Amino acid sequence: MGIEENRKVATEFFRRYDSGDIAGVLELLADDCTYWLAGKAGSNATAGRAHSKAEMADIFRRMGEALTGPLRMAVKGTVAEGDKVAVEATSRGELRNGR
């Protein structure tokens, strides 16, 4: 894929997530995708690592269970070079524990 096509895939990921289309989000991921979020695994719904689309589906499920409603996401900007895209995005949601 070219730079602009990569950028479109990255921004589409956030658009689908924002609309609640988790199945659509998963369609955009490679079967051997990797994910990492700082924090001790189990300390929150999304901390830790994932190494497959199935593990990402589980993270999305746990995230949904931790929230009172949808996690809203909005892309603010992107930088693309070669086969890499960095996305600046904001997210907003309320956790069931009130935070």
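Our structure is the block above this text.
Nothing here was measured: the structure is a model prediction, and the numbers come from that model. (Residues numbered from 1 in each chain as written. Predicted model: local features only at pLDDT ≥ 70, side-chain atom pairs only at ≥ 80, totals over all residues. Heavy atoms only, no water.)

A. How the structure looks around the pairing of strand E4 (residues 84-92). Sheet topology places strand E3 (residues 72-81) next to E4; nine bridges connect them, and they run antiparallel. From the neighbouring strand, Val 79 faces E4, where its bridge partner is Ala 86. Hairpin connection, E3 to E4: the antiparallel pair is bridged by two residues, and Gly 82 has positive phi, about 60 degrees. (Pairing = 2+ DSSP bridges. Helix = DSSP H or I, 4+ residues; strand = E, 2+ residues; numbered from the N terminus.)

B. Geometry of helix H1 (residues 3-18). The end-to-end C-alpha separation of H1 is 23 Å, in line with the 22 Å expected for 16 residues at 1.5 Å each. Within H1 the residues assigned to the buried category are Asn 6, Ala 10, Glu 12, Phe 13, Phe 14, Arg 16, Tyr 17 and Asp 18. Contacts made by the buried residues of H1 are with helix H2 (22-28), helix H3 (53-66), E3 and E4. Gly 20, located one to two residues past H1, shows a positive phi value of around 85 degrees. (Expected span 1.5 Å × (residues − 1). Buried < 20%, exposed > 50% of the residue type's maximum accessible area, 1.4 Å probe, protein only. Contact = heavy atoms within 4.5 Å.)

C. Molecular detail of the packing of aromatic side chains. Applying the stated criterion to the full structure yields three aromatic pairs. Summarising the aromatic geometry, the rings of Phe 13 and Phe 60 are spaced 6.5 Å apart at their centres and angled 50 degrees between planes, so their arrangement reads as tilted. Residue Phe 13 is found in helix H1, and its partner Phe 60 is found in helix H3; the two are separated by 47 residues along the sequence. You can call Phe 60 buried: its relative accessible area is 8%. (Phe/Tyr/Trp six-rings, centres within 6.5 Å; stacked < 30°, edge-to-face > 60°.)

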